[in-house]
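One letter stands for each residue in the lines below.
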Amino acid sequence: MTSGTETALRVIDLITGGWRAQALYTAVKLGVPDAIESGRTTSAALAEGAGADWDGVHRLMRFLVSLGLFQGDERSGYRNTELSRAFCEGPSSLKDMCLLYGEEFYTAWGHAYSAISTATSGFEAAFGESFYSYLSRNEDVAERFQNVMNAGNIFFHKVPEVVDFSGDKTVVDVGGGGGELLAVILATVPDARGTLFDRPHMIPEARRHIAGSVGLSRVDFVAGDMFEGLPRGGDIYLFSRVFAGWDDDAIVKTLSHCYTGMKDRSSRLVILDRLVSDEDCSPMSALWDLHLLITIGGRHRSLENFTSVLGRAGFEVECTAELPSDTTAIVARKCNPDS
Ligand SMILES: Nc1ncnc2c1ncn2[C@@H]1O[C@H](CSCC[C@H]([NH3+])C(=O)O)[C@@H](O)[C@H]1O
């Protein structure tokens, strides 16, 4: 093959990437991976089970086999691969991610040109309201989004390895969401205590999760607004994936509450987030940064950006540590610990 042809094929591959995502989404929406597991292995059986047209399912399966997502054919029957099995129902299933990305987020990405040209949310252009306001009105989508966030939790179990929570410390998990991270920390560090701080509507879900995992004896729940104030007396203030939707001034405000709330000179602030950089940025971080713009008009930040925002609130970076899923832990302390 000439290099010109190779280039053309690579370009066509990029141009048609959205088609591949939608074909996969359709198979997941039709329930194909679970149906194959339960023994429906021909297009006719898959189509019947999903109430769909045989011809469409047959052509979809032919394409997805060619991509390596499924194996087999009409005669021998279709089989799941390691890839398609990731979408079967189960605790770490990526099914909800595929459905949310194939529906609301795909529609939002349809407005990528205006979103990127104006650096504003494509979701709002598409749906006429913010993503979070849409979630507050659509319980099933909100549940799907929570499952997507949980699927991204794969770095949580490593957090106690890079941050020292031992020694009777109190961890204030700001924007602690459903309580999954705090539960992991308390399960790993038996003498740690936790305060989960979030908006009022998140507290019942967090309480339910923590009650069912590590129990409630070492946890307080505080409902509030991190821009108005934070619980005082914490040894470690944790901000996991909470800053993407806010501008620098808003973040400085929250960090300033953290500054006045810290217990003593040994207290630390920990940010867990995906970072971007202009040199050698991983495609995943750069893509997710764009995705934040399209969905919530937000962004990922560089380490320099976080360092500057922390500096404005009186903090300096003590160290950083890499976590799975392209996530970085930034540990910061007061520049002047006696203030
Ligand atoms: N103003 C606010 N004050 C407190 N929490 C907030 C505020 N705005 C958003 N949040 C919460 O910030 C969280 C961001 S999602 C991140 C959840 C969790 N820390 C994790 O890593 O899985 C959500 O739970 C929001 O409810």
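Residues numbered from 1 in each chain as written. Predicted model: local features only at pLDDT ≥ 70, side-chain atom pairs only at ≥ 80, totals over all residues. Heavy atoms only, no water.

### Re the overall build of the protein chain
Going by this rule: Secondary structure elements follow DSSP: runs of H or I of four or more residues count as helices, runs of E of two or more count as strands, with numbering from the N terminus. Only protein chains enter the accessibility calculation, which uses a 1.4 Å probe. A residue is then buried if its area is under 20% of the maximum for its type, exposed if over 50%, and partly exposed in between. Note on contacts: a residue pair qualifies if any of its non-hydrogen atoms lie within 4.5 Å across the two residues. All accessible areas in this document rest on Shrake-Rupley with a 1.4 Å probe, and a residue is counted as covered only by the protein chains that are shown. Asp and Glu are treated as the negative residues and Lys and Arg as the positive ones, with His and the ends of the chain left uncounted. Working definition for charges: the position is that of NZ of Lys, CZ of Arg, CG of Asp or CD of Glu.
Helix and strand counts for the protein chain stand at 18 helices and nine strands. Counting the 339 residues in the protein chain, one finds 43% classified as buried. Put simply, 64% of the contacts in the protein chain that link residues at least 6 apart link residues at least 24 apart. Per element, the accessible surface of the protein chain, about 17200 Å² overall, is 53% carbon and sulfur. Counting 31 positive and 46 negative side-chain charges, the protein chain places the centres of these two groups 2 Å from one another.

### Some points on unusual backbone geometry
Leaving glycine out, the prevailing phi sign among residues is negative, and the prevailing peptide bond configuration is trans. Its identity is not glycine, yet R241 carries a phi of approximately 60°, on the positive side. Considering the arrangement of structural elements, one finds R241 in the loop between β6 (236-240) and α16 (248-261).

### Here we look at the site of the ligand
Keep this limit in mind: What makes a residue near a molecule or strand is one non-hydrogen atom of that residue sitting within 4 Å of it. Identification of polar contacts relies on pairs of N or O atoms within 3.5 Å, with a donor-acceptor requirement for protein atoms, meaning one able to donate a hydrogen and the other able to accept it, and with residues adjacent in sequence counted only if both atoms are side-chain atoms. Gly counts as polar in this scheme, as do all residues outside two lists: the nonpolar Ala, Val, Leu, Ile, Met, Phe, Trp, Tyr, Cys and Pro, and the charged Asp, Glu, Lys and Arg.
Taken together, 17 residues lie near the ligand, and G175, D198, M226, S240 and R241 sit nearest. Measuring from a nitrogen atom of the ligand, one finds a side-chain N or O atom of D225 at 2.9 Å. Within the side chain of R241, an N or O atom sits 2.8 Å from an oxygen atom of the ligand. A total of 570 Å² of accessible area belongs to the ligand in isolation, and the protein chains cover 84% of it. Class assignment for the residues of the shell around the ligand results in eight nonpolar, five polar and four charged.

### Some thoughts on the packing of aromatic side chains
We describe a pair of aromatic rings using the distance from one ring centre to the other and the angle between the two ring planes. Filter applied, for reference: Between rings of Phe, Tyr and Trp, where Trp is taken as its six-membered ring, a pair exists when centres lie within 6.5 Å; planes separated by under 30 degrees are stacked, by over 60 edge-to-face, and by other angles tilted. We count a charge as sitting over a ring when the NZ of a lysine or the CZ of an arginine lies within 6 Å of the ring centre and within 35 degrees of the ring normal.
Evaluated as defined, the whole model comprises 15 aromatic pairs. For the pair Y259 and F315, a centre-to-centre distance of 5.3 Å together with 70° between the ring planes defines the contact as edge-to-face. One end of the pair, Y259, is in helix α16; the other, F315, is in strand β8 (residues 315-323), with 56 residues separating them in the sequence. For F315, a relative accessible area of 2% corresponds to the buried category. An aromatic cluster is present here, built from Y101, F105, F123, F127, F131, Y132, Y134, F145 and W288 joined pairwise through their rings. K334 extends its terminal NZ or CZ atom over the ring of Y259, reaching a point 4.4 Å from the ring centre.

### Digging into the side chain of K334
For clarity, the threshold we go by: For this document, the term salt bridge refers to a Lys or Arg side-chain nitrogen within 4 Å of an Asp or Glu carboxyl oxygen.
Here K334 is to be found in strand β9 (residues 327-334). Despite its burial, K334 pairs with no opposite charge; the closest candidate is D264, at 8.6 Å N-O. Of note is the side chain of K334, whose polar atom sits 3.1 Å from the backbone oxygen of Y259. In this structure, K334 is in contact with Y259, M262, G314, F315, E316 and S339, ignoring residues within four places of it in sequence.

### Quick notes on helix α4 (residues 43-50)
An α-helix turns once per 3.6 residues; consequently, residues spaced three or four apart project the same way. Taken residue by residue, α4 has S43, A45, L46 and A47 as its buried positions. Residues of α4 that are buried in the fold lie against α3 (32-37), α5 (54-66) and β2 (77-80). Two residues or fewer after α4 comes G51, characterised by a positive phi angle close to 65°.

### Quick word on the sheet that holds strand β5 (residues 219-223)
Heads up, the condition is: For two strands to pair, DSSP has to find at least two bridges joining them. Interaxial angles span 0 to 180 degrees and are taken between N-to-C directions of axes, which are lines fitted to C-alpha atoms, for helices over the stretch in contact.
As summarised here, the arrangement of the seven strands in space is β5-β4-β3-β6-β7-β9-β8, forming an open sheet in which the pairing is mixed. Looking at which strands have only one partner, the edges of the open sheet turn out to be β5 and β8. Pairs of neighbouring strands in the sheet enclose a mean axial angle of 20°, with direction left out of account. Sheet topology places β8 next to β9; eight bridges connect them, and they run antiparallel. Bridge pairing in β9 links E322 to T328. Contacts from helix α15 (residues 203-213) reach β4 (193-198) and β5, with the element oriented near 170° to β5.

### Section: the confidence of the model for the protein chain
To keep it simple, the criterion reads: Scored between 0 and 100, pLDDT is the confidence that the predictor attaches to each residue.
Confidence in the prediction of the protein chain, expressed as mean pLDDT, is 95, and 99% of residues score 70 or more. Of the two predicted TM-score estimates for the complex, the pTM is 0.87 and the ipTM is 0.99.

### A closer look at the packing of α16 against helix α18 (residues 303-312)
We count it as follows: Roughly parallel covers angles under 35 degrees, roughly antiparallel covers those over 145, roughly perpendicular covers 65 to 115, and oblique covers all other angles. Crossings are sorted by hand: turned counterclockwise from the far helix by less than a right angle, the near helix makes the crossing left-handed, and turned clockwise it makes it right-handed.
Two numbers describe how α16 lies on α18: the axes approach to 8 Å, and their chain directions differ by 50°. Between α16 and α18, the angle is such that the two are oblique. Both α16 and α18 take part in a crossing whose hand is right-handed. Only N305, V309, L310 and R312 of α18 make contact with α16, whose side of the interface consists of D248, D249, I251, V252 and L255.

### A look at the pattern of salt bridges
Pairing between side chains of opposite charge can happen when the charged atoms of each approach one another. With the rule as written, the count across this model stands at 20 salt bridges. Between R59 and D55 there is a salt bridge, with its nearest N and O atoms 2.9 Å apart. Note that R59 and D55 are positioned in helix α5 at a spacing of four residues, about one turn of the helix. Its relative accessible area of 32% is what places D55 among the partly exposed residues. With a shortest N-O distance of 3.4 Å, R144 and E103 are connected by a salt bridge. Of the two residues, R144 is situated in helix α12 (residues 139-151) and E103 in the loop between α7 (95-102) and α8 (104-109); the sequence distance between them amounts to 41 residues.

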